[in-house]
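Close look at the chain arrangement
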Amino acid sequence: MTQEVPSAGAEAAGRVLRVAVPGPFPEPLDYAPPPEASPELLRPGVRLRVPLGRRRVVGVLVGAGPSRVAPERLRPALELLDPDGPVLPPDVLELALWAARYYRHPPGETLAAALPVLLRRGAAARSRRRRWRPAPGAAAALAGLARTPRRRRVLELLLRHPEGLEEAALAQALARTGGMGRWREALRALAAAGLVELAGPASPPAGVPSLEAGPALYPEQEVAVEAVRATLEGRERAGAPGAFLLEGVTGSGKTEVYLHLAAEALARGRQVLVLVPEIGLTPQLVDRFRRRLPAPVVVLHSGMGDRERLEAWLQARSGEAGVVLGTRSAVFAPLARPGLVVVDEEHDPSFKQQEGLRYHARDLAVWRARRLGVPALLGSATPSLESLHNVLRGRYRHLRLPRRAGGARPPRTAVLDLRRQPMEGLLSRALLEAVARHLQAGGQVLLFLNRRGYAPTLLCHTCGWVAACGRCDAHLVAHQAAGRLRCHHCGAERPLPGCCPACGGVELLALGHGTERVEQALARRFPGERVVRIDRDSTRRRGSLERALAAARSGEARILLGTQMLAKGHHLPGVTLAAVLDADQGLFSPDFRGPERMAQLLVQVAGRAGRAERPGEVLVQTHHPEHPLLQRLLREGYPGFAREALAERREAGLPPWTRQALLRVEAVRREAAWAFAERAAAGARALVERGEVGEVEVLGPAPAPMERRAGRHRVQLLLQAPARGPLHRLLDAWLPALAGLPEGRRARWHLDVDPQEVG
Ligand code: ADP
Ligand code: ZN
Ligand code: ZN
């Protein structure tokens, strides 16, 4: 991709603009420069409004070059949207274009994903946080504005706020009073007439806590901070790995290490980017960063309003924000003075996007940090096997925090063998006794089950009918409180039937146990206790998660039950018992990453217990207490488990020892999906046999783990190679051919590079 700046008179020399526009285009499109923009403003990273068919779309200028279309078909761009300079700094532009190539996604779509929604739609990249106030004596001029009602309206509003109003507030107020679309113009006219003026920034809101000092680091934390600090200065330290894996159990003080290094980077005038999983971006975490760091901390996540998100993004870009704390897509946040990139809970699957641009934010973060010459610090209690493999290969430096900070002792972990045990639903008697014991002693208990709803299967006792989704190969899950049957795969739902729709029988059996059912069992068993359930159903309403967590933290609720939403991130110091209700679920998952995920969750759940002075206890219910990976985990902890799991993967030729790409095909008609997948497989095999790409295995096609989903048949083809090189050489040759296959017209398909779920 050419990154050079189109020189003046580019058009005359037959050179045109390359513009990445949204759409399925594998390359940027060619345009002539917009008629009115001066050539030196046309720099890579500026947005242009361009014609596309009959539409006008927003694209990003990525370079220039000789025209690839006939002169009469070359259309001019319509408008330069960023006359003040590129909206994307060079490193983000480069990152996005690299991601587009690596993940095989159209560059225009990739750049669109990197931009906040408002910028994608063409809004000005300008903050609305400027504050305006009436100039002294402006009130007297009001009467003179009778013929310019817009200006009059703006001035009236400001006169009611002599202290000043931010543009955002102004826009909002004017929108309420009847859509004053052109308020900005009115404001400009008023300013020119000397009737309004810019006010200084608002005084910080009262109640901002003053900076807190953190605890003194213990020696291993010091070592970790020192190792990374040495690379903060950037490229001088060439040769030393710039990526670090910080491994330490929950509570070992990883966040303290981030905070110290962030403070160091800030002291050098640099900014810090911190990525956390969706579930981990809690108000407590944001508060902790704000209380500890002497610089503005902005947050970027998908739940924000468009304007709010753009403002935070602009503060990151301008350098006003010292710390950018965000989820997956914040890896694309622009930074004026980047100094450090942190990825917390680096093993978390939510860093991989599962649709559209299927990128892995951790991997992009490491790539970006390397290009910038700044350190990348990946932290986890349970590092991904990918990252541990990178340590083995010398690509990451391994730093370890061996113990819980503040002297908390590690919890005692034991397996509860469920075989032949008396059970109350999913709760063994031994577990119930342990719960009672901990409550008696004034502790809190946390029970983990990765299955929401009341029961995963509803069955007719008379005729055997099972409530199944009509569009997926899946049972419908009974949700009792909502009175619904729901498909957890496609979202289909219907009322919970009172009798069997097949035979009219009234004896419908709920089989299996979800969190809702366990909640009821616990409430029956411990009538005096408040049970708090935390899963996607119980936290759908705004604020409900915060309320539930507040009840858990205050100790008002002493029995906490939930899915992985509860297992992660929340600081619950009162918990003394943590239990995994069904470990078998993960041990026998069809995906080769099942045991790794199970081990990570188990360690995370264990990390919830006994944080403070009180020693904790962890119980794991299973029907397979002798399972070797489980045994390894219990005896040697996660490091031992990971060693064993890595060895198994090596034996089996699986990632991280190999690289994968997964072609997923789906179609309403089964044959259509198979036809495309077969042709694609034949094409890939032919390329491999020709011997030009290197060693690549072509596995399949095979039915996807859930063959029918949302009314579509799904087939997949797995490509696997010992290294990136051959795999990507194959993709280079294969994908363009796939796009032209006639079978592709009746099937949808996409490619997932480094897939996280292959079944
Ligand atoms: P992690 O991120 O690994 O879960 P944290 O950094 O959140 O761990 O630390 C867990 C708790 O221990 C926090 O309350 C933190 O303030 C405290 N802590 C961390 N490091 C120290 C230390 N060196 N001395 C005393 N307390 C510490
Ligand atoms: Zn029936
Ligand atoms: Zn379904």
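Let me sum up the structure you'll find in this document. This structure is a prediction, so every number in the text was calculated from the model and none was measured.

Definitions and cut-offs
- Residues numbered from 1 in each chain as written.
- Chains lettered and ligands numbered in written order.
- Predicted model: local features only at pLDDT ≥ 70, side-chain atom pairs only at ≥ 80, totals over all residues.
- Heavy atoms only, no water.
- Helix = DSSP H or I, 4+ residues; strand = E, 2+ residues; numbered from the N terminus.
- Rg over C-alpha atoms; globule rule 2.2 N^0.38 Å.
- Buried < 20%, exposed > 50% of the residue type's maximum accessible area, 1.4 Å probe, protein only.
- Contact = heavy atoms within 4.5 Å.
- Lys, Arg positive; Asp, Glu negative; His and termini not counted.
- Charge placed at Lys NZ, Arg CZ, Asp CG, Glu CD.
- Donors = N, O, S within 2.8 Å, 3.2 Å for Na, K, Ca; no water.
- Tetrahedral: all angles 85-135°; square planar, octahedral: opposite > 155°, others 65-115°.
- Phe/Tyr/Trp six-rings, centres within 6.5 Å; stacked < 30°, edge-to-face > 60°.
- Arc of directions from axis to C-beta.
- Near = heavy atom within 4 Å.
- Polar contact = N/O pair within 3.5 Å; in protein donor to acceptor, adjacent residues only side chain to side chain.
- Areas by Shrake-Rupley, 256 points an atom, 1.4 Å probe, with all protein chains shown as cover.
- 1 Å grid on protein atoms, 1.4 Å probe; cavity = no way out; pocket = protein on both sides within 12 Å on 5 of 7 lines; lining within 4 Å.
- Points joined across faces, edges and corners; volume = space filled by probe spheres on them.
- Nonpolar A, V, L, I, M, F, W, Y, C, P; charged D, E, K, R; others polar.
- Domains from an automatic or database assignment.

With that out of the way, let us pick up the overall build of the protein. Summing up its helical and strand segments, the protein has 21 helices and 32 strands in all. In terms of C-alpha radius of gyration, the protein reaches 29 Å, essentially the compact-globule figure of 27 Å for 759 residues. Dimensions of the protein along its principal axes, counting C-alpha atoms only, are 85 × 70 × 65 Å. By residue count, 52% of the 759 residues in the protein fall in the buried class. A separation of at least 24 residues holds for 75% of the contacts in the protein among residues at least 6 apart in sequence. The averaged location of the 78 negative side-chain charges in the protein is 4 Å from the averaged location of its 109 positive side-chain charges.

All of the protein donors around the zinc ion (ligand 3) are Cys469 (SG), Cys472 (SG), Cys487 (SG) and Cys490 (SG); their distances to the metal are 2.3 to 2.4 Å. For the zinc ion (ligand 3), the 4 donor atoms in the first shell make angles of 105 to 112 degrees at the metal, a pattern classed as tetrahedral. Taken in chain order, the donor set of the zinc ion (ligand 3) reads C-x2-C-x14-C-x2-C. You can see Cys469 sitting in the loop between β20 (457-460) and β21 (477-479) and its partner Cys490 sitting in the loop between β22 (484-486) and β23 (493-495), a full 21 residues away along the chain. A residue is classified by how much of its surface remains accessible, and Cys490, at 21% relative accessible area, is partly exposed.

In this structure, Cys460 (SG), Cys463 (SG), Cys500 (SG) and Cys503 (SG) serve as the protein donors to the zinc ion (ligand 2), at separations of 2.2 to 2.4 Å. Sequence positions of the residues that donate to the zinc ion (ligand 2) give the spacing C-x2-C-x36-C-x2-C. When its relative accessible area of 41% is taken as the criterion, Cys463 is described as partly exposed.

As a further point, take the packing of aromatic side chains. The full count for this structure, using the stated rule, is 6 aromatic pairs. Ring plane angle 10 degrees and centroid distance 5.0 Å describe the contact between Trp98 and Tyr102, whose orientation is recorded as stacked. Placement of the pair is Trp98 and Tyr102 together in helix α1 (residues 90-102), with a separation of 4 residues, close to one helical turn. Assigned by exposure class, Trp98 and Tyr102 land together as buried.

Another aspect to go through is helix α15 (residues 544-554). Ser544, Leu545, Ala548, Leu549, Ala551 and Ala552 are the residues of α15 that are buried. In an axial view of α15, the angular spread of the buried residues amounts to 155 degrees, which keeps them on one side of the axis. Exposed residues on α15 whose side chains face more than 90 degrees from its buried face are Arg547 and Ser554. On the buried face of α15, the contacting elements are β19 (444-448), β25 (531-534) and β26 (559-562). Positive phi shows up at Gly555, right after α15, with a value of about 90 degrees.

For the rest of this paragraph, the subject is the site of ligand 1. Near ligand 1 there are 16 residues, and of these Ala216, Gln221, Gly251, Thr255 and Arg288 occur at the shortest range. With respect to ligand 1, the backbone of Ser252 contributes an N or O atom lying 3.3 Å from an oxygen atom. Here ligand 1 loses 75% of its free accessible area of 550 Å² to cover by the protein chains. Per-element tally for the shell around ligand 1: the top contributor is helix α8 (residues 254-267), with 3 residues.

Take empty space enclosed by the protein next. Within the structure shown, the criterion is met by 1 cavity of 30 Å³ or more. Approximately 70 Å³ is the volume attributed to the largest cavity. Around the largest cavity sit 13 residues that line it, and His347, Arg362, Ser384, Arg597 and Gln756 are the ones nearest its centre. Grouping the constituent residues of the lining of the largest cavity by class yields 1 nonpolar, 5 polar and 7 charged. Both of domain 3 (219-406) and domain 4 (408-452 + 514-652) provide at least three residues apiece to the lining of the largest cavity.

Keep in mind that these numbers describe shape and distance, not what the molecule does.
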